[in-house]
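Understanding the architecture of this molecule
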Amino acid sequence: MFEVVRTASKITNKILVGFSGGKDSAATLDLCFRYFPIVQPYFMYIVKGLEFQERTPRYYEKRYHCKIIRIPHFMLSDFLQGGSFRLPDYTVPTVKTIDIYNYLRSQTGIHWIAGGERIADSIVRNAMLKQSGAIDRFRGRVYPLAYWNKKQVLSYVKLRKLPLSLENRILGFSFRGLQGADMYKIKQAFPEDYKKIRRVFPLIEAAVKRYEYYGK
């Protein structure tokens, strides 16, 4: 199970790790701290400072004695430009995934980046990982869980006692969009954080009302 991360640790001694608070990112982060001398996690947010998200990075910072870099999610530029539940702001530059990676690499001096993508995730992930391999030297990417299935990930998370973010219990996954169903659940479970979301996306209540009326 550990062949990928073990091999990657012989290529480089330092690595960036994307952390979302979900099971795959938690397992990937733990594996990297076990095998790499230097690990720099980063967390991408859509709305900065949501307590239901922040509690988990704070826990892992204490657990691994590290500082997790917080950075705006690349999707946020699309939300702001396109006016998702707010007025559009055409002054916001377009940000792509590669822009995030380049920024992190320039700030840390670390080239290799580990992610929690798995072949079993989807047809798209299957095709991507089969083409690039679990260690993508061209793009400087490592996928320690590439050949794991969901059961193996959950077993590892349980064995290593890796807590997941609070929204995982409510949504079943990490907060990653503005869908009505997700916003409805967040409003019910985390009302103060929902207020923070409304400050950035003042028309988000429309998505909640649509879900309440139409169930979608």
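Residues numbered from 1 in each chain as written. Predicted model: local features only at pLDDT ≥ 70, side-chain atom pairs only at ≥ 80, totals over all residues. Heavy atoms only, no water.

Comments concerning the environment of Ala 206
What counts here: Helix and strand definitions follow DSSP, with helices as H or I runs of at least four residues and strands as E runs of at least two, each counted in order from the N terminus. A 1.4 Å probe rolled over the protein chains alone gives each residue an accessible area, and that area as a share of the maximum for its type sets the label: buried under 20%, exposed over 50%, partly exposed in between.
Checked against the element boundaries, Ala 206 lands in helix 11 (residues 205-214). Its relative accessible area of 46% is what places Ala 206 among the partly exposed residues.

Considerations on the pattern of salt bridges
Where we set the bar: In the sections that follow, a salt bridge refers to a side-chain nitrogen of Lys or Arg positioned within 4 Å of a carboxyl oxygen of Asp or Glu.
Taken as a whole and judged by the stated rule, the model has 17 salt bridges. Residue Asp 30 is joined to Arg 160 by a salt bridge in which the shortest nitrogen-to-oxygen separation is 2.7 Å. Highlighted residues: Asp 30 in helix 2 (residues 23-35) and Arg 160 in the loop between helix 7 (150-159) and helix 8 (166-171), separated in sequence by 130 residues. With relative accessibility at 1%, the residue Asp 30 sits in the buried group. A salt bridge links Glu 61 to Lys 67, with the shortest nitrogen-to-oxygen separation between them at 3.8 Å. Using a relative accessible area of 13% as the deciding quantity, one classes Glu 61 as buried. The class of Lys 67 is exposed, set by a relative accessible area of 58%. A cluster of three or more residues bridged by salt bridges with shared partners is formed by Lys 23, Asp 24, Arg 118, Asp 121 and Arg 125.

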